[in-house]
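# Topology and contacts: notes
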Amino acid sequence: MHKLGYRWLRNYCGQYVDGHERPDVVDYRQSVFIPNWKAMEVCMRQWSRDGITEEKLQLPQGTWPVIAWCHDESTFYANNRRHSGWVHVDVGADPQPKGEGESIMVSDFISPEYGWCRSPDAKESARVIF
């Protein structure tokens, strides 16, 4: 099979898709979310391209810094689409719709400045598992 251009792959499905490219979602992202983010960006901490060195924040007089908190969410499905087989080297992975069935979702918040959202004593967290 290798001489014919095939290779054995496990779990050869592609990335998952869930509506991020719907026209209404794209329109909101382009006309509302990104312009608002860009307007707030001047008040956010910035890092150099290496991602380590913080660049000095120059805030206008009387302006508070804006802290970006990102929502991190992952859903894990039981026996989620396990595929194995011979796949030709020219065949790309196709995006797959997210599966239904038994699942567990883990949700949390994170920021570059503070890390995962925790109480000051780190005994409580914003993480939710359901």
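Residues numbered from 1 in each chain as written. Predicted model: local features only at pLDDT ≥ 70, side-chain atom pairs only at ≥ 80, totals over all residues. Heavy atoms only, no water.

Below, the discussion takes up the overall build of the chain. A count of helical and extended segments in the chain gives one helix and ten strands. Classification of the 130 residues of the chain by burial places 10% in the buried group. Residue pairs at least 24 apart in sequence account for 64% of intrachain contacts in the chain once pairs closer than 6 positions are excluded. Total accessible area on the chain is roughly 10800 Å²; 54% of this is exposed by carbon and sulfur atoms. (Helix = DSSP H or I, 4+ residues; strand = E, 2+ residues; numbered from the N terminus. Buried < 20%, exposed > 50% of the residue type's maximum accessible area, 1.4 Å probe, protein only. Contact = heavy atoms within 4.5 Å. Areas by Shrake-Rupley, 256 points an atom, 1.4 Å probe, with all protein chains shown as cover.)

Scanning the model with the defined rule gives five salt bridges in all. Where Glu-21 meets Arg-29, a salt bridge forms, and the shortest distance between an N and an O atom there is 3.6 Å. Given the relative accessible area of 62%, Glu-21 is considered exposed. Here Arg-29 falls in the partly exposed class, since its relative accessible area comes to 25%. (Salt bridge = Lys/Arg side-chain N within 4 Å of Asp/Glu carboxyl O.)

Before going further, it helps to spend a moment on the environment of Glu-41. Within the fold, Glu-41 resides in helix α1 (residues 23-41). C-alpha separation for the pair Glu-41 and Ala-68, spaced 27 residues apart in sequence, amounts to 9.3 Å.

Below, the discussion takes up unusual backbone geometry. One non-glycine residue, Ala-122, lies in positive phi territory at about 65°. Tracing the sequence through the fold places Ala-122 in the loop between β9 (115-116) and β10 (128-129). On the basis of relative accessibility, which here comes to 55%, the residue Ala-122 falls in the exposed class.

Distances and angles like these do not, on their own, reveal function.
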